[in-house]
Amino acid sequence: MPSGVMAQNIALLIHSKQKQQQQQQDLKSQQDVTFACHHTSHLLLHEHDAFTHLLQMKKPLIISTSNEYDKTNGIHVPPARFEDVMHTFESLEQQGEDNDDATKVISTLILELPHREIGGKCTPWDDVLQIKQFLKDQNIAFHCDGARLVEAAAGYGLSLPEVAQPFDSIYISFYKGLDSIAGAMLLGNKDFCDEARIWLRRFGGNLCTLLPYAVSSWDGYRKHTLVDDDDDMTSTTKIVSFQEKQRKLTRIVQQLSSDAVVKKYIAFDPPTPETNMLHVYLKASKEHCEKARDETMIQTNIRVFHRIREVFSKGHPACDIGNFQCYLELTMGDGNVGLEDDVFLEGWKTFASCLSKLE
């Protein structure tokens, strides 16, 4: 697939068609079918409602939490869990006659692994398996937004086949952690893939050649994974590099979190990295953060970040917990994993010290 947006919309189309065929009732169009996802799903935040404009799908069912969490991106927001799925479906069924059998119009539940918008958090693996069983009982497809699935597998300590097993379909991006030019892969059983190829043509995604992307994607996949048995791709694939990146990030975060000055201005979410990425929250204005970054560069020749985002909404958890004003995504990738831990420590400690002088 040329892109993840195309891949995931095709997956939704196929599962919705299958859902229509399963129903005893007469569903006249795909407007009667929807899907479920976490409130930080890429499909909700970054695709301009493609599921509505292209697929004619109703507004998706948002997986809500059973606890008192704010429903926006931010610090302390959990990933989707089994109890959240159950809470959402149970609440929907209790809303009235129009929703008595809500599961019959939901074709697919999309689970992102890891949840990029909340700092690379992963749904606990036991919850993934419980969600799978619940969806199987309800005849609802289980789709994985696995844009960073290799990173998630490393976080779980599982092989890629093990992580893929619970899902009916999976999307994997090649240009993110695997560092290829562009492109994505959509996985499912043979019937699913046969239909996906037809929809790929209908979407205009069958380019005259995908060779540059395929070569780059294969190279990125091989570079970041280890294949046993003399490159036999049917063997179990083990993740190596992303585990090392996660361990390095964990060491750095632990040491920074114990520093008094750093703790005064900076918080990490999650506090212990679940993959090779997390979010950094800052108790300072964007202007002060950028001044402190520039001063840190002058003093140490270390640039701790390129850009940051302001926390705008009062409903954002970061506004309510510790007066955080900005945040950024910190990823341990190919470009920075080779730096010594001390470089990160010196840079962030100097940055915090510079912030303290701007108060």
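Residues numbered from 1 in each chain as written. Predicted model: local features only at pLDDT ≥ 70, side-chain atom pairs only at ≥ 80, totals over all residues. Heavy atoms only, no water.

## Quick notes on the overall build of the protein
Then step 1. When its secondary structure is counted, the protein shows 15 helices and twelve strands.
Then step 2. Relative to its full complement of 359 residues, the protein shows a buried share of 51%.
Then step 3. Contacts in the protein between residues far apart in sequence, at least 24 positions, make up 70% of those at least 6 positions apart.
Then step 4. Carbon and sulfur atoms provide 48% of the accessible area of the protein, an area that totals close to 17400 Å². (Helix = DSSP H or I, 4+ residues; strand = E, 2+ residues; numbered from the N terminus. Buried < 20%, exposed > 50% of the residue type's maximum accessible area, 1.4 Å probe, protein only. Contact = heavy atoms within 4.5 Å. Areas by Shrake-Rupley, 256 points an atom, 1.4 Å probe, with all protein chains shown as cover.)

## A word on the pattern of salt bridges
Then step 1. Counted by the stated rule, this structure contains 13 salt bridges.
Then step 2. Residue Lys-17 is joined to Glu-195 by a salt bridge in which the shortest nitrogen-to-oxygen separation is 3.4 Å. Taken together, the residues Lys-17 in helix α1 (residues 4-22) and Glu-195 in helix α8 (residues 190-202) connect sequence positions 178 residues apart.
Then step 3. The class of Glu-195 is buried, set by a relative accessible area of 17%.
Then step 4. Across the pair Arg-293 and Asp-294 runs a salt bridge whose closest N-O atoms are separated by 3.1 Å.
Then step 5. Salt bridges sharing common partners tie together Lys-190, Asp-194 and Arg-197. (Salt bridge = Lys/Arg side-chain N within 4 Å of Asp/Glu carboxyl O.)

## Considerations on the packing of aromatic side chains
Then step 1. Tallying each qualifying case throughout the model produces ten aromatic pairs.
Then step 2. Ring geometry for Tyr-281 and Phe-324: centres 5.8 Å apart, planes at 65°, overall edge-to-face. Here Tyr-281 is found in strand β10 (residues 277-282), whereas its partner Phe-324 is found in the loop between α14 (317-320) and β12 (326-331), with 43 residues between them in sequence. Each member of the pair, Tyr-281 together with Phe-324, is buried.
Then step 3. Three or more aromatic residues link up through ring pairs in this structure, and these residues are Tyr-281, Phe-324 and Tyr-327.
Then step 4. The ring of Phe-242 carries Lys-245 above its face, with NZ or CZ at 4.4 Å from the centroid. (Phe/Tyr/Trp six-rings, centres within 6.5 Å; stacked < 30°, edge-to-face > 60°. Lys NZ or Arg CZ within 6 Å of the ring centre and 35° of its normal.)

## So, the sheet that holds strand β11 (residues 309-310)
Then step 1. With antiparallel pairing, four strands are arranged side by side in an open sheet as β9-β10-β12-β11. Both edges of this open sheet fall to β9 (266-269) and β11, since each of them pairs with a single strand only.
Then step 2. Across four bridges, the pairing between β9 and β10 is antiparallel. Within the sheet, the bridge partner assigned to Asp-269 lies in β10 and is His-279.
Then step 3. Contacting β9, β10 and β12, helix α15 (residues 341-356) crosses the sheet at an angle of about 135° to β9. (Pairing = 2+ DSSP bridges. Axes fitted to C-alpha atoms, helices over the stretch in contact; angles between N-to-C directions.)

## Quick word on the environment of Glu-359
Then step 1. Turning to its location among the elements, Glu-359 is positioned in the segment after α15.
Then step 2. Distance from Glu-359 to Ala-284, taken between C-alpha atoms, is 8.8 Å for residues 75 residues apart in sequence.
Then step 3. The residues contacting Glu-359, other than those within four sequence positions of it, are Lys-264 and Tyr-265.

## A word on the sheet that holds strand β6 (residues 184-187)
Then step 1. Spatially, six strands are ordered β2-β1-β3-β4-β5-β6 in an open sheet, and the strand pairing comes out mixed. In the strand order of this sheet, the two ends are held by β2 (61-63) and β6, each with one partner. On average, adjacent strands in this sheet sit at an angle of 20° to one another, irrespective of strand direction.
Then step 2. Where strand β1 (residues 34-38) meets β2, three bridges bridge the pair, whose relative direction is parallel. Within the sheet, the bridge partner assigned to Ala-36 lies in β2 and is Leu-61.
Then step 3. Across the face of the sheet, helix α4 (residues 82-93) comes into contact with β2 and β3 (106-112) while running at roughly 140° to β2.

## Description of the packing of α4 against helix α5 (residues 125-137)
Then step 1. At a minimum axis separation of 8 Å, α4 and α5 run at an interaxial angle of 30°. Listed contacts from α5 to Phe-82, Val-85, Met-86 and Phe-89 of α4 are Asp-127, Gln-130, Ile-131 and Phe-134.
Then step 2. Of the residues contributing to the contact of α4 with α5, the split by class is six nonpolar, one polar and one charged. (Nonpolar A, V, L, I, M, F, W, Y, C, P; charged D, E, K, R; others polar.)

## So, the side chain of His-279
Then step 1. Relative to the helices and strands, His-279 is located in strand β10.
Then step 2. Ignoring anything within four residues of it in the chain, the contact list for His-279 reads Arg-116, Glu-117, Ile-118, Gly-119, Ala-267, Phe-268, Asp-269, Tyr-327, Leu-328 and Glu-329.

## Some thoughts on a nonpolar patch on the surface
Then step 1. Taken together, the side chains of Ile-181, Leu-207, Leu-210 and Tyr-213 define a hydrophobic patch exposed on the protein surface, amounting to about 340 Å² of accessible area.
Then step 2. Take Leu-210: it is sitting in the loop between α8 and α9 (211-224). (Patch = residues over 30% accessible without salt bridge, like charges linked within 9 Å, V, L, I, M, F, W, Y side chains within 5 Å.)

## Some remarks on the confidence of the model for the protein
Then step 1. Mean pLDDT over the protein: 87, with 84% of residues reaching 70 or higher.
Then step 2. When pLDDT is averaged over each helix and strand of the protein, the minimum, 44, is found for helix α10 (residues 228-231) and the maximum, 98, for α15.
Then step 3. Low confidence marks residues 68-73, where pLDDT is under 50. Its contacts with residues over four positions away, or in another chain, come to 22 contacts.
Then step 4. Counted against residues more than four places away or in other chains, residues 227-240, with its pLDDT under 50, gives 28 contacts. (pLDDT = per-residue confidence, 0-100.)

## Observations concerning the packing of helix α11 (residues 241-257) against α15
Then step 1. One way to put it is that α11 packs onto α15 with a least axis distance of 10 Å and a crossing angle of 40°. In terms of crossing hand, the pair formed by α11 and α15 is right-handed. Facing α11, whose interface residues are Lys-248, Arg-251, Ile-252, Gln-255 and Leu-256, α15 presents Asp-341, Phe-344, Leu-345, Trp-348 and Lys-349.
Then step 2. Partitioning the contact of α11 with α15 into residue classes produces five nonpolar, one polar and four charged. (Left-handed = near helix turned anticlockwise from the far one by under 90°.)

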